[in-house]
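Examining the three-dimensional arrangement
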Amino acid sequence: EDRSEIPLRPPVVTIMGHVDHGKTTILDYLRKSSVAATEFGGITQHIGAFSVALSSGKTITFLDTPGHAAFLNMRQRGANVTDIVVLVVAADDSVMPQTLEAIKHAQAARVPIIVAINKIDKPEAAPERVKHDLARHGIEVEDFGGDTQVVAVSGKTGQGIKDLEGAISLQSEILDHRAETDGPVEGWVLEATTKKSGRVATVLVRRGNLKQGDILVAGTTWTRVRTLRNEGGITVNAVGPGMPVEVDGWEDQPDAGDEVLEAPDEQKAKDVVDWRIEKEERVKLAKDME
Ligand code: GTP
Ligand code: NA
Ligand code: MG
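Read on for a plain summary of the structure. Because the structure is predicted, anything quoted here is derived from the model rather than measured.

With that out of the way, let us pick up the overall build of the protein chain. Per the secondary structure count, the protein chain includes seven helices and 16 strands. The buried share of the protein chain, taken over its 290 residues, is 43%. Looking at the protein chain alone, contacts between residues at least 24 apart form 72% of all its contacts between residues at least 6 apart.

What follows is the structure in structure tokens.
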């Protein structure tokens, strides 16, 4: 099979790390500097995931904290939504218990890690110490001959953030992320909520081209897509692999971590949902009888 025939897709990146090491600050900086943010005058409603367009023309998709929850949920179901983990370690605090947790999760999922040593602007910053601490915990830091990229950044000043984007872009090139854009849509629910306008879910497309009018099944619910919105709340016509989008019109609210599959027609979608609900009820009944 000649993979070069399959279109490239953006890498999907999850940011992990110890509490207060700066995950949200880094994401906020990336979000504000993203094309979407400048085009749409600042992000007010965000959808748990966003994409950053690089000057190279490439795109990176970042999962926000709810995406992190979905990542763990999907991991438990044996699925990997994330291609790359960015491990944030504060330069003044170094490796902490949740740093080690994040390393454990990423390694168990066989997801490559890029280290962002954050808060490099602080006078107490000690990036060399962080590298040594990471090496002692099994991270093969590139400075010491390993192949784990380490980037020094400040989520506060933006220093090194371009290098972080470059490191992600390089890792993605090595991993050669590609996905078919034709055929039925597949994806994951990252998060779901009920708004005044109805039930919406953030869907990360894994393959295919998601369009208005498509019929999707997720868990024990389905939708005929009326509107697709990007992270800026702007209506879009179609969304390809590696991109997140808000999907409306759900019969019921799906759950974070549900797999999304396209159905050929409404009847088929309803049949699948009915069958799954019946199955759930049979399982529950069997449990009650134990
Ligand atoms: P949790 O979500 O609670 O785990 O925290 P977090 O990892 O998202 O950290 P957050 O972005 O909330 O940052 C924690 C604190 O560190 C805040 O007071 C930030 O302003 C500060 N901070 C984050 N990044 C930097 C940085 O690069 N430099 C400096 N000086 N402060 C930073
Ligand atoms: Na915090
Ligand atoms: Mg945070």
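Taken in spatial order, the six strands of this open sheet run β2-β3-β1-β4-β5-β6, and their pairing is mixed. Each edge of the open sheet is held by one strand with a lone partner, namely β2 (49-53) and β6 (150-152). Across the sheet, the mean angle from the axis of one strand to that of its neighbour is 30 degrees, orientation sign disregarded. Where strand β1 (residues 12-17) and strand β4 (residues 84-90) come together, five bridges link them in parallel fashion.

A word on helix α6 (residues 161-175). An ideal rise of 1.5 Å per residue puts 21 Å on 15 residues; α6 measures up with 21 Å between its terminal C-alpha atoms. Every buried residue of α6 is accounted for by L164, E165, A167, I168, Q171 and S172. Along the axis of α6, the buried residues cluster in a sector spanning 160 degrees; they form a single face. In α6, the exposed positions angled more than 90 degrees off the buried face are occupied by L170, E173 and I174. If you follow the buried residues of α6, they end up packed against β1, β3 (59-63), β4, β5 (113-118) and β6. Positive backbone phi, approximately 55 degrees, marks D176, located one or two places after α6.

Turning our eyes to something else, we now look at the nonpolar core. Membership of the largest hydrophobic core comes to 69 residues, with the highest contact counts inside it found for F62, L87, A116 and I117. The element that contributes the greatest number of residues to this core is β4, accounting for seven residues.

Attention now moves to the site of ligand 1. With respect to spatial proximity, 15 residues lie near ligand 1, and among them G22, K23, T24, T25 and K156 are the closest. Here the shell around ligand 1 gets three residues from one element, more than from any other, and that element is helix α1 (residues 23-33). Tallied by class, the residues present in the shell around ligand 1 amount to one nonpolar, eight polar and six charged.

Taking burial as the measure, the five residues of β2 include four buried ones, the bulk of the element. Here β2 hands over to β3 after five residues, with G57 in that stretch at a positive phi of 95 degrees.

For an α-helix the count is 3.6 residues per turn, leaving residues at separations of three or four pointing the same way. Spanning 24 residues, helix α7 (residues 266-289) covers 35 Å between terminal C-alpha atoms, matching the ideal 34 Å at 1.5 Å per step. Sparse coverage of α7 is indicated by the burial of one of its 24 residues.

On to the environment of T202, then. Structurally, the position occupied by T202 is in strand β8 (residues 198-207). For T202, a count of 27 C-beta atoms within 10 Å translates into the label buried. Sequence-wise, T202 and D92 are 110 residues apart; in three dimensions their C-alpha atoms are separated by 35 Å.

Our focus in this paragraph is the pairing of strand β16 (residues 259-263). Note on strand geometry: in a regular strand, side chains alternate between the two faces of the sheet. Looking at chain direction, strand β7 (residues 186-195) and β16 are connected through three bridges and run antiparallel. Each bridged residue has a counterpart across the sheet, and for G187 the counterpart in β16 is V260. Sheet topology note: the strand β10 (residues 215-218)/β16 ladder contains four bridges and is antiparallel. Residue pairing in the sheet places V217 in a bridge with L261 of β16.

Turning our attention to the sheet that holds β10. Reading across from one edge, β11-β10-β16-β7-β8-β15-β12-β13 is the order of the eight strands in this open sheet, with antiparallel pairing throughout. Edge strands, defined here as strands with exactly one partner in the open sheet, are β11 (221-224) and β13 (235-236). Both β7 and β8 contribute to a ladder of nine bridges, which runs antiparallel. Looking across to β8, one finds that G187 is bridged to V205.

With that settled, the discussion passes to unusual backbone geometry. One non-glycine residue, K119, lies in the positive phi region at around 65 degrees. With respect to the helices and strands, the residue K119 is situated in the loop between β5 and α5 (127-136). Positive phi, close to 55 degrees, is recorded for D176, a residue that is not glycine. The residue D176 is located in the loop between α6 and β7 in this model.

Turning our attention to the environment of R9. Looking at the secondary structure, you find R9 in the segment before β1. Residues R9 and R206 lie 197 residues apart in sequence; the distance between their C-alpha atoms is 9.2 Å.

This part takes up the environment of G48. You can see G48 is positioned in the loop between α2 (35-39) and β2. Owing to 23 C-beta atoms within 10 Å, G48 belongs among the buried residues under this scheme. Note: C-alpha distance between G48 and L190 (142 residues apart in sequence) is 7.2 Å.

Rules of the game
- Residues numbered from 1 in each chain as written.
- Chains lettered and ligands numbered in written order.
- Predicted model: local features only at pLDDT ≥ 70, side-chain atom pairs only at ≥ 80, totals over all residues.
- Helix = DSSP H or I, 4+ residues; strand = E, 2+ residues; numbered from the N terminus.
- Buried ≥ 20, exposed ≤ 12 C-beta atoms within 10 Å, placed from the backbone.
- Contact = placed C-beta atoms within 7 Å.
- Pairing = 2+ DSSP bridges.
- Axes fitted to C-alpha atoms, helices over the stretch in contact; angles between N-to-C directions.
- Expected span 1.5 Å × (residues − 1).
- Arc of directions from axis to C-beta.
- Core = buried A, V, L, I, M, F, W, Y, C linked by C-beta atoms within 7 Å.
- Near = placed C-beta within 6 Å.
- Nonpolar A, V, L, I, M, F, W, Y, C, P; charged D, E, K, R; others polar.

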